[in-house]
Amino acid sequence: MNLQIQDIINSFESTSKNKKQKYNDLLAHIYMTFDKRISLCKTDKEMNKYKKMRTSVLRYIVANERVITSEICK
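Before going into details, it helps to say that this report is about the structure given with it. Remember, predicted model here, so these are calculated numbers, not experimental data.

1. Side note on the overall build of the protein
Across its full length, the protein holds 4 helices and 0 strands. Along the first, second and third principal axes, the C-alpha set of the protein runs to 40 × 20 × 15 Å. Looking at the protein residue by residue over its 74 residues, the buried ones come to 26%. In the protein, 56% of the contacts between residues at least 6 apart in sequence involve partners at least 24 apart. Counting every atom, the protein has about 5,400 Å² of accessible surface; 51% of that belongs to carbon and sulfur. Side chains of the protein give 15 positive and 8 negative charges; the mean places of these two sets differ by 3 Å.

2. A word on the packing of helix 2 (residues 19–40) against helix 4 (residues 65–72)
Taken N-terminus to C-terminus, the directions of helix 2 and helix 4 make an angle of 100 degrees; their axes are 10 Å apart at the nearest point. Of the possible angle classes, the one that applies to helix 2 and helix 4 is roughly perpendicular. Across the interface between the two elements, Lys19, Lys20, Lys22, Tyr23 and Leu26 of helix 2 pack against Glu65, Ile68, Thr69 and Ile72 of helix 4. For the contact of helix 2 with helix 4, the residue count by class is 4 nonpolar, 1 polar and 4 charged.

3. Considerations on the packing of aromatic side chains
Where two aromatic rings form a pair, the distance of their centres and the angle of their planes describe that pair. Inspection of every chain in the model, using the stated rule, returns 0 aromatic pairs. The residue whose ring lies beneath arginine 37 is phenylalanine 34, and the NZ or CZ to ring-centre distance is 5.3 Å. Lying across the ring of tyrosine 50, lysine 49 places its NZ or CZ 5.0 Å from the centre.

4. Looking at the pattern of salt bridges
All told, the structure shown has 2 salt bridges when counted by the stated rule. Measuring nitrogen to oxygen at the nearest pair gives 3.1 Å for the salt bridge that ties lysine 20 to glutamate 65. Remark: glutamate 65 occurs in helix 4 and lysine 20 occurs in helix 2; sequence separation between them is 45 residues.

5. Overview of helix 4
Spacing of three or four residues puts side chains on the same side of an α-helix, whose turn is 3.6 residues. Along helix 4, the residues that are buried comprise Ile68, Thr69 and Ile72. For helix 4, the arc enclosing every buried residue in end-on projection is 100 degrees, short of the 170-degree limit, so these residues lie on one face. Elements in contact with the buried residues of helix 4: helix 1 (3–11), helix 2 and helix 3 (44–63).

Calculation notes
Residues numbered from 1 in each chain as written. Predicted model: local features only at pLDDT ≥ 70, side-chain atom pairs only at ≥ 80, totals over all residues. Heavy atoms only, no water. Helix = DSSP H or I, 4+ residues; strand = E, 2+ residues; numbered from the N terminus. Buried < 20%, exposed > 50% of the residue type's maximum accessible area, 1.4 Å probe, protein only. Contact = heavy atoms within 4.5 Å. Areas by Shrake-Rupley, 256 points an atom, 1.4 Å probe, with all protein chains shown as cover. Lys, Arg positive; Asp, Glu negative; His and termini not counted. Charge placed at Lys NZ, Arg CZ, Asp CG, Glu CD. Axes fitted to C-alpha atoms, helices over the stretch in contact; angles between N-to-C directions. Parallel < 35°, antiparallel > 145°, perpendicular 65-115°, else oblique. Nonpolar A, V, L, I, M, F, W, Y, C, P; charged D, E, K, R; others polar. Phe/Tyr/Trp six-rings, centres within 6.5 Å; stacked < 30°, edge-to-face > 60°. Lys NZ or Arg CZ within 6 Å of the ring centre and 35° of its normal. Salt bridge = Lys/Arg side-chain N within 4 Å of Asp/Glu carboxyl O. Arc of directions from axis to C-beta.

In structure tokens:
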């Protein structure tokens, strides 16, 4: 797993006990984390970099749902 994804997962905390809800909360957390970074950017080049990164991370999370779910439910 990518180091950046691992850092985001480690910074994630959910109060939900349901696996599916935790997974959905993680997706929202990732989106909001990158949204903050994008809003702090001053140049379009930087914004596009974070937008592409957000898209690729979310695609990875969706494609590997089982692995990610087991990781956050430890």
